[in-house]
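Examining the three-dimensional arrangement
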Amino acid sequence: MALMASISNCVVGTPFQKSSKLSDYKIKEDTVVVVALTEVETKGSISDLWTFWKRVSSVRESIESNPGYLGGSIRRQLFGSKAWTMTVWKDEESIDNFVYAKEHERAMKEGGPAVKRGRFYRIQKQWKEVPIPWEVAEELVHEEGRME
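In what follows, the accompanying structure is described. (Residues numbered from 1 in each chain as written. Predicted model: local features only at pLDDT ≥ 70, side-chain atom pairs only at ≥ 80, totals over all residues. Heavy atoms only, no water.)

**A few points about the overall build of the protein chain**
- Helix and strand counts for the protein chain come out as five helices and seven strands.
- Listed by position from the N terminus, the elements making up the protein chain come as α-β-β-β-α-β-β-α-α-β-α-β.
- In summary, the protein chain has a C-alpha radius of gyration of 15 Å against a globular reference of 15 Å for 148 residues, a match within 12%.
- Once the C-alpha set of the protein chain is aligned to its principal axes, its extents read approximately 50 × 35 × 25 Å.
- Expressed as a percentage of the 148 residues in the protein chain, the buried residues total 38%.
- Taking the contacts inside the protein chain whose residues are at least 6 apart along the sequence as the reference set, 79% of them involve residues at least 24 apart. (Helix = DSSP H or I, 4+ residues; strand = E, 2+ residues; numbered from the N terminus. Rg over C-alpha atoms; globule rule 2.2 N^0.38 Å. Buried < 20%, exposed > 50% of the residue type's maximum accessible area, 1.4 Å probe, protein only. Contact = heavy atoms within 4.5 Å.)

Take a look at the structure:
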């Protein structure tokens, strides 16, 4: 039983990757940026899950085209149903525009059937404090995040 609990807590993720357009925004170490954190628990059929991850991939591929995007990372349980994202934005307007962008809206609509529960949290940090350690990010989104 302990082995199963240990296995379900194994996570894999991408390293934090800065946007290739970062220099366009003239971000300094003390610039205040918006860190958006999500936690999603998935459910459903193999088809639902496949569609969910396909849409996640399409959002990841298009995210650089969103003005104000500064960087991000994603991670997920290897054998579980939870996944987390951390994206960093120039300001609230930038992330709001991303949330309502065509590709993100498509992902929400088509991937939605595979979402059992989602939590979202935003926090302002200085650029030099980014990325937030995953242990801290998970705690923030779990304790402070709003469910949708």
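What follows continues from the structure just given.
**A few points about helix H3 (residues 92–99)**
- Along H3, the positions that sit buried rather than exposed are Ser94, Ile95 and Phe98. Burial along H3 is one-sided: seen end-on, the buried residues are contained in an arc of 90 degrees.
- If you follow the buried residues of H3, they end up packed against strand E3 (32–42), helix H2 (46–62), strand E5 (82–89), helix H4 (102–111) and strand E6 (115–126). (Arc of directions from axis to C-beta.)

**Looking at the pairing of E3**
- With 10 of 11 residues buried, E3 is to be regarded as a mostly interior element.
- In the sheet, E3 pairs with E6 via 11 bridges, with the strands oriented antiparallel. In the strand pairing of E6, valine 40 is matched with glycine 118.
- Two strands pair when backbone bridges link them, and E3 and E5 are joined in this way by eight bridges, in the antiparallel orientation. Directly across from valine 34, in E5, lies its bridge partner tryptophan 89. (Pairing = 2+ DSSP bridges.)

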